[in-house]
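What follows is each chain in one-letter form.
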Amino acid sequence: MAAPSQPQQVTYDAIVIGAGIQGSFAAYHLAQHHRDTLLLEQFILPHSRGSSHGQSRITRSAYPRVPYARMMPDCFRLWQRLEAEAGTNLYRRTGLVVLGPAGDPELEGCRRSLGDTRDGGPLALSPQPPPVTILTQDVFRWHGGTLRDGEKVLHIEPGAVVTVTTTAGVYRAPRLIIAAGAWTGALVGPLGLRLPLQPLRIDVCYWREKEGSPGAGRAGPCFMAVGLSKAPHGIYGLPALEYPGLVKVCYHHGSPTDPEERDRVSPGTPHPNIDLLSSFITSYLPGLDPQPAVVETCLYTNTPDEDFILDRHPKFSNIIIGAGFSGHGFKLAPVVGKLLCELSLGEEPSHSTAPFAITRFPGMLRAAM
């Protein structure tokens, strides 16, 4: 037996670091494959420190990038399977309006991905507790998985069996998935990788509907505005579903940040993205007050090309990395989790992971440890 001062080592079939939506779905798929799986989260759940912010998301078939458009039918099937397993509804169909100047590449890419249909798909919404990420974790546990929150990972020792040391224990498994969002870079650095991941602090803004304005109190469609000269990263909006009378309109970009310092913003710090949104609302959404009623924050973790990283560690093939979801990963989480699971089990991925390879970023592997 271990001495009382030494944490007991516990062995699993698989360990997943990060209980955001991507890590939770990876763990969910592993448990469905009857693998004894440990899901680790550094913060006490639920929390708002990561990228899975708020209770509503847009999930859509319209996608300008072909690899993601090809994944979406599978995503919808897996969302529906989660609904069936959990016995609850996640969708509210609202439609989607994509706006932009004629000939804009992103607008035309969305058009091509839809073919003849103009239905952009439903809004993924948890209309009542628990939120989607928690729901995924619940189903994971129903399948026999173990979730431990409030445990920060201190060290990862690679090998045929990987050893993960946290603030509360030592765990071992023949396979490890790292899906730690903005903290991924700090975890893979000691493993010899320097991934080009840039955490961004995002302003999540809610705008009050003006009393008596046309459409107030009715759930309109989601929208995406692309190709705007003053908002090059695009603006998106969702109807008033999270807060009564408050429409969610956000800029799809933010300011570089250290994830540990995200909430430490000095009073008087300028918010150019909120000013940009106020100008957009004044020009195009006159039914909303031009100053936000609520401003919250979340994190994006961007890659230089804004495509995901879904790959094995170049040196340690039993360590799988899912990162760089660049603010558009939530809707794809069911398939991302499935791909991370398949990579960890040595199975042929159900979708090509070639666009998401680490090797597309040269010089990422450091000298041998």
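Now for a look at the structure at hand. As the structure is a computational prediction, the values presented were derived from the model and not from experiment.

Scoring rules and cut-offs
Residues numbered from 1 in each chain as written. Predicted model: local features only at pLDDT ≥ 70, side-chain atom pairs only at ≥ 80, totals over all residues. Heavy atoms only, no water. Core = buried A, V, L, I, M, F, W, Y, C linked by side-chain atoms within 4.5 Å. Buried < 20%, exposed > 50% of the residue type's maximum accessible area, 1.4 Å probe, protein only. Helix = DSSP H or I, 4+ residues; strand = E, 2+ residues; numbered from the N terminus. Contact = heavy atoms within 4.5 Å. Pairing = 2+ DSSP bridges. Axes fitted to C-alpha atoms, helices over the stretch in contact; angles between N-to-C directions. Phe/Tyr/Trp six-rings, centres within 6.5 Å; stacked < 30°, edge-to-face > 60°. Lys NZ or Arg CZ within 6 Å of the ring centre and 35° of its normal. Left-handed = near helix turned anticlockwise from the far one by under 90°. Nonpolar A, V, L, I, M, F, W, Y, C, P; charged D, E, K, R; others polar. Parallel < 35°, antiparallel > 145°, perpendicular 65-115°, else oblique.

### Some words on the nonpolar core
Counting residues in hydrophobic clusters, the biggest one holds 43 residues, and the most contacted among them are W79, F308, L310 and L332. Elements that contribute at least two residues to this core include exactly β2 (14-17), α1 (21-32), α2 (66-86), α4 (132-142) and α7 (333-345). Ranked by residues supplied to this core, first place goes to α2 with nine residues. Excluding residues that lie within four positions of it along the chain, L310 makes contacts with I321, G322, F325, V336, L339, L340, L343, T353 and F356.

### Comments concerning the sheet that holds strand β20 (residues 319-323)
Picture the strands of a sheet paired through backbone hydrogen bonds; they go either parallel or antiparallel. A sheet is described by the order of its strands in space; here six strands give the open sequence β8-β3-β2-β12-β20-β19, paired in mixed fashion. Bordering the open sheet on either side are β8 (146-148) and β19 (309-312), each of which pairs with just one other strand. Strand after strand, the sheet turns through a mean of 15° between neighbouring axes, direction not considered. α1 rests against β2, β3 (37-40) and β12 (176-178) of the sheet, and its axis sits at about 170° to β3. Along the sheet face, α4 touches β3 and β8 and points at about 135° away from the line of β8.

### Quick look at the sheet that holds strand β11 (residues 170-173)
The four strands are arranged β1-β11-β10-β9 in an open sheet whose pairing can be described as mixed. The sheet is open, and its two borders are formed by β1 (9-11) and β9 (153-157), each paired with just one other strand. With strand direction ignored, the average angle separating the axes of adjacent strands in the sheet is 20°. Two elements, strand β10 (residues 162-166) and β11, share four bridges in a ladder whose sense is antiparallel. Bridge pairing links T165 to V170 in β11.

### Regarding the packing of aromatic side chains
Summed over the entire model, instances satisfying the criterion amount to 13 aromatic pairs. Seen from their ring centres, Y63 and Y68 are 5.3 Å apart, and the 35° between their planes marks the pair as tilted. Given a relative accessible area of 2%, Y63 falls into the buried group. By relative accessible area, Y68 is classed as buried at 1%. Relative to F356, the ring of F308 lies with its centre 5.8 Å away and its plane at 25°, an arrangement referred to as stacked. Of this pair, F308 sits in the loop between β18 (294-302) and β19 while F356 is found in the segment after α7, placing the two residues 48 residues apart along the sequence. Taken as a pair, F308 and F356 share a single burial class, namely buried. Members of the aromatic cluster, each reached through a chain of ring pairs, are Y63, Y68, F308, F325 and F356. The positively charged end of R60 is found above the aromatic ring belonging to Y63, 4.4 Å away from the centroid.

### Considerations on the packing of α2 against α4
If you want to describe how two helices pack, look at the angle between their axes and the distance between the axes. Packing of α2 against α4 leaves a shortest axis separation of 10 Å and a crossing angle of 65°. Between α2 and α4 lies a crossing of left-handed hand. Residue-level contacts link W79, L82, E85 and A86 of α2 to V132, L135, T136, V139 and W142 of α4. Of the residues in the contact of α2 with α4, the class split is seven nonpolar, one polar and one charged.

### As for the packing of α1 against α4
Between α1 and α4, whose axes approach to 9 Å, the crossing angle comes to 20°. Classified by the angle between their axes, α1 and α4 sit roughly parallel to one another. Crossing geometry of α1 relative to α4 is assigned as left-handed. Residue-level inspection shows I21, S24, F25, A27, Y28 and A31 of α1 in contact with α4, the latter providing V132, T133, T136, Q137, V139 and F140. In the contact of α1 with α4, the residues fall into eight nonpolar, four polar and no charged.

Keep in mind that these numbers describe shape and distance, not what the molecule does.
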